[in-house]
Amino acid sequence: MAYLNVETSLTGRRWVGPAQDVERRAEALAQSTRLPPAVCAVLARNKLDPAEVPGYLAPSLRDLLPDPMVLRDMEPAAERLLQALQAREKIAVFADYDVDGGASAALLLVWLRQMGHDATLYVPDRIDEGYGPNEAAMEALAQDHKLIVCVDCGTLSHGPIAAAKGADVVVVDHHLGGETLPPALAVVNPNRQDESGDLGHLCAAGVVFLLLVEMNRRLRGREIKGPDLMAMVDLVALATVADVAPLIGVNRAFVRQGLRAMSQRKRPGLVALSDVARVDTALKSYHLGFVLGPRVNAGGRIGAADLGARLLSTTDPIEATRIAAQLDQLNEDRRAIEAAVREEALAQAEYRGLDGPLVWAAAEDWHPGVIGIVAARLKEATNRPAVVIALDGNEGKGSGRSVGGVDLGAAIQRLASEGLLLKGGGHRMAAGLTVARDQLEAAMERLGELLARQGAGTGGAGDLRLDGLLMPGGATVDLIESLESAGPFGQAAPAPRFAFPAMTIHDARRVGANHLKIRFGDLGGPNLEGIAFGAYDTALGPAVEGAGRAKMHLAGRIDLNSYGGRNSVQLRLDDAALA
């Protein structure tokens, strides 16, 4: 049965509440821990026993960080970097152009700089060179550098790495590996086929961090003090959230402790980016994924590909301010480009049909820098894996995003091995591909078949999952702070959503271009304010505004609204239904 009997909400969704076993577990946790029931509802969905709760609420790297040496090739990678450091050899860092690549490069550049060694940064142009190492760039770097470290890329780059004659290549990556490894000195990657997969949830920056931990450990054995790695965990946190890595295990500690490091405002790049984005509250995982991340990504999408890595690695506040302003403007430009492509892609996908296991669109003249984010929008709108392809001549470059429980990267890699793609790879939630124009239809049909085998396309347009009921009087600042202790929230750890049943809407009005502001309450109780961003782009805004005094069920997330130095609780309204 649908939660609160909401089979079809104002946005066309079915509401789904917690399962009975989760509710029973939440009640037991509330009795044994004395935590608020709403917090216990979040803990219960993670199947925690009472004894596990204290550690879960306070995740620490001391307890959760794995031994770096469990990863294959960690020893030769660490030793080769230390050898280059000792011999003062020239080192190049070849990085991907997204947030994870930029943060991974920054980690390595900052660590080397603090050891008195400046390295060369190389980030390929998305349009001219494409993703990952290419033969021309690797051959050129090898002429002037004894060691090339590829971060967040390189696992499938057999030809380009072979072209780096005269230089050793170390790959530090997290993308799915193939049946054979490239001819590198070391490939450190928890998603190699010969790895256990226990650390497959790490982003590339997390893997680079483990490499730095191992190098520091080896330096200590030689009575040399290495850089303070806890001062660098902010970069791992940013990459973990922005790359949509699941917030489980050590990733929770990376993000929790990284946010704490960010609050000290010691990294000029993140300070400048937060300021230009007008962030005036303590940073949360939301800001990393939806405020800072997109701006760091903007350089790789439509501007200079190395801007993100340069921003994150600089120690100069003036340079940081200048780069942050560039990225902020590029992000504005990206939004305009994205909006046009998104409208065309959605219309094409709707014409093709939205009820299959895969949603896809392809066209000429789409900017390759925005197809990934448009794919994410299609995925969100349809609750299905989505691929968007920019065609150019006889080829198309595509980017895909997946839904929970469907491994898109593995399917793309299978497609490439079957010869239907020129190349392709990625990880569970995101992947990239290059396809010949005359193979496009066949490739997408086959990809749909592979995804259907994993269960894609079996759900509706998106059930709204709720963690329980809440009344306005119970939505307090203290409760929000308690809920935050169960975070961070993100991929594989969704922020808690609650239903407010049978509320009276006292005021509903349009604010800004398309947002809805409401004030609501229950009979005789306190009122609460709510905001629904973009509500007038859907049926939600007009329906709530026009509902008059009719009772409505409201669903969403509660958070703090800081204004004039005062904190108050507000509902981030996601959906509503007539009671």
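Keep in mind that what you see is a predicted model, and the values were worked out from it rather than measured.

I would appreciate a short explanation of the overall build of the protein in the present structure.
What the protein contains, in helices and strands, is 20 helices and 17 strands. Its C-alpha radius of gyration of 24 Å places the protein within 12% of the 25 Å reference for a compact globule of 579 residues. Its C-alpha atoms give the protein principal-axis dimensions of roughly 75 × 60 × 45 Å. Out of the 579 residues belonging to the protein, those deemed buried represent 55%. In the protein, the proportion of contacts linking residues at least 24 apart, taken out of those at least 6 apart, comes to 65%. As displayed, the protein offers around 24500 Å² of accessible surface, 49% of which is attributable to carbon and sulfur atoms.

Where do I start with the sheet that holds strand 7 (residues 359-364) in this structure?
One key point about sheets: their strands pair by backbone hydrogen bonds, in either a parallel or an antiparallel sense. With mixed pairing, five strands are arranged side by side in an open sheet as 7-8-9-11-10. What marks the edges here is a single partner per strand, and that holds for strand 7 and strand 10 (423-426). Neighbour-to-neighbour, the strand axes of this sheet turn through a mean angle of 15 degrees, independent of strand direction. Inspection of the sheet shows strand 9 (residues 395-401) paired to strand 11 (residues 430-436) by seven bridges, in the antiparallel sense. Residue S399 lies in a different strand from strand 11, and its bridge partner there is G432.

It is not clear to me how the state of the cysteines should be interpreted in this structure. Could you clarify?
Disulfide: a covalent bond formed between the sulfur atoms of two cysteine residues. According to the stated counting rule, one finds zero disulfides in the structure shown. Of all cysteine sulfurs in the structure, the one in C153 sits closest to C150, which takes part in no disulfide; the separation is 5.0 Å. In this structure C150 comes out as buried when scored by relative accessible area, which is 0%.

Sorry, what's going on with the sheet that holds strand 13 (residues 498-511) here?
Strand order in the closed barrel formed by five strands is 13-14-15-17-16, with mixed pairing between adjacent strands. Along the sheet, successive strands turn relative to each other by an average axial angle of 45 degrees, direction set aside.

Can you walk me through the pairing of strand 9 in this structure?
Within a regular strand, the side chains alternate between the two sheet faces. Most of strand 9 sits out of view: five of its seven residues are buried. Sheet topology places strand 8 (residues 386-392) next to strand 9; seven bridges connect them, and they run antiparallel. Note that in strand 9 the partner of L391 across the bridge is G396. The hairpin turn running from strand 8 into strand 9, its antiparallel successor, is two residues long, and G393 in that turn takes a positive phi close to 70 degrees.

Looking at this model, I keep getting lost on the side chain of N191. Mind explaining?
Looking at the secondary structure, you find N191 in the loop between strand 6 (186-188) and helix 9 (204-221). Classification of N191 by relative accessible area gives buried; the value is 17%. Reaching out from N191, the side chain makes a polar contact with the backbone oxygen of G200 at a distance of 3.3 Å. Excluding its chain neighbours within four sequence positions, the residues that come into contact with N191 are H174, H175, L176, G177 and G200.

Before we go on, may I ask you to explain the side chain of S157 in this structure?
Examined against the element boundaries, S157 turns out to sit in the loop between strand 4 (147-151) and helix 8 (158-162). Aside from chain neighbours lying at most four places away, what touches S157 is P133 and P182.

What should I look at first to understand the packing of aromatic side chains in this one?
Geometry of an aromatic ring pair is reported as the spacing of the ring centres plus the angle between the planes. Taken as a whole and assessed by the stated rule, the structure comprises four aromatic pairs. An angle of 25 degrees between the planes, with centres 5.2 Å apart, marks the rings of F94 and Y122 as stacked. Of this pair, F94 sits in strand 2 (residues 91-95) while Y122 is found in strand 3 (residues 120-122), placing the two residues 28 residues apart along the sequence. Judged by its relative accessible area of 0%, F94 is buried. Both rings, one in F500 and one in F520, keep their centres 5.6 Å apart while their planes meet at 75 degrees; by these two values the pair is edge-to-face. Of this pair, F500 sits in strand 13 while F520 sits in strand 14 (residues 515-521), and the two are 20 residues apart along the sequence. Positioned above the aromatic ring of Y536, the side-chain terminus of R510 is 4.3 Å from the ring centre. The lysine or arginine in question, R572, covers the ring of Y286, its NZ or CZ lying 5.6 Å from the ring centre.

What should I look at first to understand unusual backbone geometry in this one?
Glycine aside, negative phi is the norm for most residues, and most peptide bonds take the trans geometry. Of the consecutive residues G487 and P488, the connecting peptide bond is found in the cis state with omega at 5 degrees. Summarising the element assignment, P488 is placed in the loop between helix 19 (477-484) and strand 13. Positioned with a positive phi, E223 is a non-glycine residue whose angle comes to about 60 degrees. With respect to the helices, strands and loops of the structure, E223 is situated in the loop between helix 9 and helix 10 (233-242). In this structure, A502 takes a positive phi of about 50 degrees despite not being glycine. Along the chain, A502 falls in strand 13. The class of A502 is partly exposed, set by a relative accessible area of 33%.

Definitions and limits used
- Residues numbered from 1 in each chain as written.
- Predicted model: local features only at pLDDT ≥ 70, side-chain atom pairs only at ≥ 80, totals over all residues.
- Heavy atoms only, no water.
- Helix = DSSP H or I, 4+ residues; strand = E, 2+ residues; numbered from the N terminus.
- Rg over C-alpha atoms; globule rule 2.2 N^0.38 Å.
- Buried < 20%, exposed > 50% of the residue type's maximum accessible area, 1.4 Å probe, protein only.
- Contact = heavy atoms within 4.5 Å.
- Areas by Shrake-Rupley, 256 points an atom, 1.4 Å probe, with all protein chains shown as cover.
- Pairing = 2+ DSSP bridges.
- Axes fitted to C-alpha atoms, helices over the stretch in contact; angles between N-to-C directions.
- Disulfide = S-S within 2.5 Å.
- Polar contact = N/O pair within 3.5 Å; in protein donor to acceptor, adjacent residues only side chain to side chain.
- Phe/Tyr/Trp six-rings, centres within 6.5 Å; stacked < 30°, edge-to-face > 60°.
- Lys NZ or Arg CZ within 6 Å of the ring centre and 35° of its normal.

By themselves these figures say nothing about function.
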